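One letter stands for each residue in the lines below.
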Amino acid sequence: MRFVARVLVRPKTDVRDPQGEAVLAALRSLGHDVSGVRTGKEIVLTFSAPDERAARMAAERMGDQLLANPVIENYEVTLEREIVKAR
Amino acid sequence: MTKVAILRYPGTWSERDFAHALSLVDGVETEILWHEDARLAGFDAAIVPGGFSYGDYLRAGAIAKLSPATAELRRFAVDGGVVLGSCNGFQILCEAGLLPGALIRNSDLAYRCDWVHVRVESERTPFTDDLGDAVLKMPIGNGEGCWVSDPDTLARVEERGQVVFRYVDETGTRTPSANPNGSLNDIAGVRNEEGNVLGLMPHPERCSETLLGGTDGYRMLARLASVRHGTAPAVYRHR
């Protein structure tokens, strides 16, 4: 089975996010009444796994080993089956 | 003779600067090693220089930590070898878990290329032995130099005297404007508990001769001449 895992990596709440702060200031300068901005990144993985449980475990292993640094970041995985379009 | 290995990853840019700076130190010989075949047996110290290993993709140092050189560095450090990481080398050592904390984007988002002053906060490293409270002027060049950690790690690092360098002004006073990147507690460099692994954001190799505007880096690097493999933990842990 083919899966697409979306790994959303975010700075931990107690870690400063200078990019978020800069975006916040920029949005305010445009007149938007925004009180907080946090930025993160999405990493999209496509891979094969026997079932959904195995796919989630694989994605989390990738998150722990490389995609996020646990000192400063948290991550979340959302998983879906890859949709292959018929020709 | 102290044998110093200088590691080179794809994107490392300061290995030859280190080799040059260390060529000015009597009693030290260097060899630049490609990270994939870095064998540290027979060396007394290893340097992880600055640059942009693997293009800083994902996070600075994140890909480099997967290099076989990291496992080799870990073995070397456990065995008592002396390890120094500067700039990207510091980021790699943090990513690899050889040093506490992490380096994130500078608080003003700018790439900072500047001279800074740091105060030596711990003499318990081979590079700062007898330099306690000295104020060193060194250059920085980084976009991700802001050292952070969780509160427990920060408390532990402070309590155990693992902070080796703190940003200060030229008189040695901590001020918000002397901190170029928003680092917690003005931290510019930390060591491991044993004292044989040291990382810092400034570049000692770029201030090792008067021609380059300063020699405070030489004051650190010259101490390598007395480093011998395996002596560091015993010497520095118990001082």
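Just above sits the structure.
Below is a short write-up of the structure.

1. Notes on the interface of chain B and chain A
Working step 1: With 14 residues of chain B at the contact, the number on the chain A side is 9 residues.
Working step 2: When its residues are assigned to classes, the side of chain B that touches chain A shows 5 nonpolar, 5 polar and 4 charged.

2. Digging into unusual backbone geometry
Residue and element names in this part refer to chain B.
Working step 1: The phi dihedral of D56 is positive, around 60 degrees, even though this residue is not glycine.
Working step 2: Among the secondary structure elements, D56 is positioned in the loop between β3 (45-48) and α2 (68-78).
Working step 3: In the Ramachandran plot, C87 falls in the positive-phi region, its phi being about 55 degrees despite a non-glycine side chain.
Working step 4: Inspection of the secondary structure puts C87 in the loop between β4 (82-86) and α3 (88-95).

3. Observations regarding the pairing of strand β11 (residues 197-200) of chain B
Residue and element names in this part refer to chain B.
Working step 1: In β11, alternate side chains face the same way, and those of V197 and G199 on one face and L198 and L200 on the other are all buried.
Working step 2: Of the pairings in the sheet, the one linking β4 to β11 comprises 4 bridges and is parallel in character. Considered in β11, the bridge of G85 is made with G199.
Working step 3: Here strand β10 (residues 187-191) pairs with β11 via 3 bridges, running antiparallel. Bridge assignment links G189 to a residue of β11, and that residue is L200.
Working step 4: The loop that links β10 with its antiparallel partner β11 comprises 5 residues; one of these, G195, has a positive phi angle of about 100 degrees.

The rules behind each value
Residues numbered from 1 in each chain as written. Chains lettered and ligands numbered in written order. Predicted model: local features only at pLDDT ≥ 70, side-chain atom pairs only at ≥ 80, totals over all residues. Contact = placed C-beta atoms within 7 Å. Nonpolar A, V, L, I, M, F, W, Y, C, P; charged D, E, K, R; others polar. Helix = DSSP H or I, 4+ residues; strand = E, 2+ residues; numbered from the N terminus. Buried ≥ 20, exposed ≤ 12 C-beta atoms within 10 Å, placed from the backbone. Pairing = 2+ DSSP bridges.

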